[in-house]
Amino acid sequence: LRVAGVNPGGATNPGVLDLFRTDDTVIAGEVAGRLQYSVKDDGRYAIAAIDAVTLQASGVGNSGGGKLVFLTSEASICAGRLESMSLDNTGLTVEDGVILKSPNGTKYKIVVDNSGVLSTTLIP
C-alpha cells in the first residue's frame, strides 16, 4: 500500500490514508474507522485494533470530536478484544494500570484507587 501526497501548485503535501464514513448522521460513541490486526488459524482472529470513536453527535461545523481506542485481546480461547487504553483531547486513559520497567528489568504495575492513591505491584 502506498499513500502519496498531492502536489497542487508546486507545494508538497503529506500522504493521507483516510478511513471515511459516508453516512450523514454521527452519534456519540460510534466507530468512525478501525485499523485491525488479525491472524488466520482455524478461524479468523482479530488480535488487536485501533478504533476512532466519536465523542458526541456532529452538527454543522462540528466534527463531534473523537478519541482513539486501543483494543487488545488476551491469549486465551475465544478472547474478544478489550479496551486497554484511549487517547482524546483530555489525555491518555489506561484501563487497568500502567506497567513500568525499572533499570534492572524488574516490572511494576502502577494503579490508582478511587481516592487517587497510587500503589505498585511487582510483575513476575
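Residues numbered from 1 in each chain as written. Predicted model: local features only at pLDDT ≥ 70, side-chain atom pairs only at ≥ 80, totals over all residues. Heavy atoms only, no water.

Right, let's get into the overall build of the protein. The secondary structure content of the protein amounts to zero helices and eight strands. The burial tally for the protein puts 10% of its 124 residues in the buried class. Expressed as a percentage of contacts within the protein between residues at least 6 apart in sequence, the contacts between residues at least 24 apart total 15%. Just so you have it, the protein exposes about 9600 Å², and 56% of that area is on carbon and sulfur atoms. (Helix = DSSP H or I, 4+ residues; strand = E, 2+ residues; numbered from the N terminus. Buried < 20%, exposed > 50% of the residue type's maximum accessible area, 1.4 Å probe, protein only. Contact = heavy atoms within 4.5 Å. Areas by Shrake-Rupley, 256 points an atom, 1.4 Å probe, with all protein chains shown as cover.)

Time to look at the layout of surface pockets. In this structure, the largest pocket occupies an estimated 170 Å³ of space. Around the largest pocket, the lining residues are Asp 18, Leu 19, Phe 20, Arg 21, Thr 22, Asp 23, Val 26, Ala 32 and Thr 54. A breakdown of the residues in the lining of the largest pocket according to their chemical character gives four nonpolar, two polar and three charged. (1 Å grid on protein atoms, 1.4 Å probe; cavity = no way out; pocket = protein on both sides within 12 Å on 5 of 7 lines; lining within 4 Å. Points joined across faces, edges and corners; volume = space filled by probe spheres on them. Nonpolar A, V, L, I, M, F, W, Y, C, P; charged D, E, K, R; others polar.)

The strand order across the open sheet formed by three strands is β6-β7-β8, and the pairing between neighbours is antiparallel. At either end of the open sheet lies a strand with only one pairing partner, and these are β6 (98-101) and β8 (118-123). Geometrically, the sheet is characterised by an average inter-axis angle of 30° between neighbouring strands, direction not taken into account. For strand β7 (residues 107-112) and β8, the ladder comprises six bridges, and the chain directions are antiparallel. Across the sheet, Lys 107 pairs through a bridge with Ile 123, a residue of β8. (Pairing = 2+ DSSP bridges. Axes fitted to C-alpha atoms, helices over the stretch in contact; angles between N-to-C directions.)

Such coordinate-based values are descriptive only and should not be taken to indicate function.
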